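Listed here are the chains, written in short residue letters.
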Amino acid sequence: MNHYKIADLTVAMEGAGETLQRLMKPYGADTKGKADITMSIDREKMHKTGAKYPHLSPDEWEYIQTGYAFACKLLDFDGFCLHASAVALDGRAVLFSGPCGTGKSTHTHLWRQYFGPDRAVVINDDKPLLRRTEDIFYVYGAPWSGKSALNNNIRVPLSAVVFLKQAKENHIRRLNNKAAVQMLFYQSQRPGGDRDRINRLLTLMDALLQKIPVYQLDCDISIDAVKTAYYEICQSRMETRNEK
């Protein structure tokens, strides 16, 4: 049984293949006592279910299924997983989300290009974890980070969520709560037909919207798109500080 520290939770995992163990290695923890989350992988069962998806290798299927299982269990600890690319800038996290093909990873790359890789750090390029601790929402890296495998084992306070939409001109607007929760729910990793956990997910999203601005950014692929998003987010943060 190997132990890991993910999203400030102790995770015990048994039966992981070599590829998954390699991806989990940066999150390894030398810990004793009861784990918060225990995952035991039945490799025979995993391979049987994976046979329905011949385009995926056994390692890829194991990777997908363990990521989904962890995301479901995370809801028991005030956390959820969002399909997004997360970047930390000056100690605050910005998440870029939206349907496949809208340029989430590309936009994160542009932020690193504009601000520099030392200042703009990728937290997770595909499925960052969000967790509420003492009424603060943090973004965490995780081993499950898509094809790019870009992730860092760090925790950063969440500053904003930005949904991307391809456009010829750059424009950003803050979404109202109804539109924001619909988009958050659609892009979250949802727990199947588990009604209790779905309710927990919606409750968490409602709490997030009380503290975190959610935007829609109509954008092209340019540095100007970075500036449009950054200055709006920065201005909103300053206004919030002044209100306090």
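Residues numbered from 1 in each chain as written. Predicted model: local features only at pLDDT ≥ 70, side-chain atom pairs only at ≥ 80, totals over all residues. Heavy atoms only, no water.

Asker: Sorry if this is basic, but what is going on with the environment of L150 here?
Answerer: With respect to the secondary-structure elements, L150 resides in the loop between β9 (136–140) and β10 (155–166). A relative accessible area of 42% places L150 in the partly exposed class. The spatial distance from the C-alpha of L150 to the C-alpha of I123 is 7.6 Å, given a sequence separation of 27 residues. Residues in contact with L150, not counting those within four places in the same chain, are V122, I123, N124, D125 and S145. (Helix = DSSP H or I, 4+ residues; strand = E, 2+ residues; numbered from the N terminus. Buried < 20%, exposed > 50% of the residue type's maximum accessible area, 1.4 Å probe, protein only. Contact = heavy atoms within 4.5 Å.)

Asker: How should I be thinking about the sheet that holds strand β2 (residues 9–14) in this particular structure?
Answerer: By way of backbone hydrogen bonds, the strands of a sheet pair with one another, either parallel or antiparallel. With respect to topology, three strands assemble into an open sheet ordered β1-β2-β3, the strand pairing being mixed. If you trace the sheet from one side to the other, it starts and ends with β1 (2–6) and β3 (37–40), each paired once. Mean inter-strand twist for the sheet, computed between neighbouring axes without regard to direction, equals 25°. Bridge count for β2 against β3 is four bridges, and the pairing is parallel. Across the sheet, residue M13 finds its bridge partner in β3, namely M39. Along the sheet face, helix α3 (residues 58–74) touches β1, β2 and β3 and points at about 155° away from the line of β3. (Pairing = 2+ DSSP bridges. Axes fitted to C-alpha atoms, helices over the stretch in contact; angles between N-to-C directions.)

Asker: Would you take a moment to explain helix α4 (residues 104–115) for this structure?
Answerer: Note on helix geometry: an α-helix contains 3.6 residues per turn, so any two residues three or four positions apart are oriented the same way. Here α4 contains 12 residues, and its C-alpha end-to-end distance of 17 Å stays within 8% of the 16 Å for a straight helix at 1.5 Å per residue. Regarding α4, the residues found buried are K104, H107, T108, L110, W111 and F115. Buried residues of α4, viewed axially, fall in a sector of 155°; they line one side. Turned more than 90 degrees from where α4 packs its buried face, H109 and Q113 sit exposed. Remark: G116 follows α4 within two positions and exhibits a positive phi of approximately 95°. (Expected span 1.5 Å × (residues − 1). Arc of directions from axis to C-beta.)

Asker: Help me understand the packing of aromatic side chains in this model?
Answerer: Taken as a whole and judged by the stated rule, the model has eight aromatic pairs. Ring geometry for Y230 versus Y231: centroids 5.2 Å apart, planes at 65°, classification edge-to-face. Here Y230 falls in the buried class, since its relative accessible area comes to 18%. Owing to a relative accessible area of 48%, Y231 belongs among the partly exposed residues under this scheme. Each residue in the set F96, W111, Y114, F115, Y230 and Y231 is aromatic and connected to the rest through ring pairs, giving one cluster. (Phe/Tyr/Trp six-rings, centres within 6.5 Å; stacked < 30°, edge-to-face > 60°.)

Asker: I tried to follow the pattern of salt bridges on my own but got confused; where do I start?
Answerer: Where charged atoms from two side chains of opposite charge come close, those side chains can pair. Considering all chains together, one arrives at 10 salt bridges under this definition. Taking the shortest distance from any N to any O, the salt bridge between E44 and K48 comes out at 3.6 Å. Of this pair, E44 and K48 both sit in helix α2 (residues 43–50), four residues apart, which is roughly one turn of that helix. By relative accessible area, which is 54% here, E44 ends up exposed. For K211, the salt bridge goes to D135, with nearest N and O atoms at 3.3 Å. In this pair, K211 is assigned in the loop between α6 (195–209) and β12 (214–219) and D135 in the loop between β8 (129–133) and β9, connecting sequence segments 76 residues apart. For K211, a relative accessible area of 45% translates into the label partly exposed. According to the relative accessible area criterion, D135 is partly exposed, its value standing at 44%. (Salt bridge = Lys/Arg side-chain N within 4 Å of Asp/Glu carboxyl O.)

Asker: Just checking my understanding: could you explain the nonpolar core for this structure?
Answerer: Inside soluble globular proteins, nonpolar side chains tend to come together where they are buried. Of all hydrophobic cores here, the largest spans 27 residues; its most connected members are F80, L95, L158, L184, L208 and V214. Of all the secondary structure elements, the ones that give two or more residues to this core are β5 (84–89), β6 (92–97), β9, β10, α5 (177–187) and α6. Counting residues per element, this core draws most heavily on α6, at six residues. Every residue in contact with L184, bar those within four places of it in the chain, is listed here: L82, V161, F163, M205, L208, L209 and V214. Judged by nonpolar contacts, the second largest core, of 25 residues, contains M13, L20, M46 and Y140. (Core = buried A, V, L, I, M, F, W, Y, C linked by side-chain atoms within 4.5 Å.)

Asker: Just to check I follow, could you spell out α3 for this structure?
Answerer: Along its 17 residues, α3 runs 24 Å from first to last C-alpha, staying within 8% of the 24 Å computed at 1.5 Å per residue. Within α3 the residues assigned to the buried category are W61, E62, Y63, T66, G67, F70, A71, C72 and L74.

Asker: Where do I start with unusual backbone geometry in this structure?
Answerer: Trans peptide bonds make up the majority, and among non-glycine residues the majority have a negative phi. In this model, D78 sits at a positive phi of 60°, which is unusual for a non-glycine residue. Note on placement: D78 falls in the loop between α3 and β4 (79–81). D78 gets classed as partly exposed once you look at its relative accessible area, which sits at 31%. Even without being glycine, E134 reaches a positive phi, approximately 50°. Looking at where E134 falls in the secondary structure, it is placed in the loop between β8 and β9.

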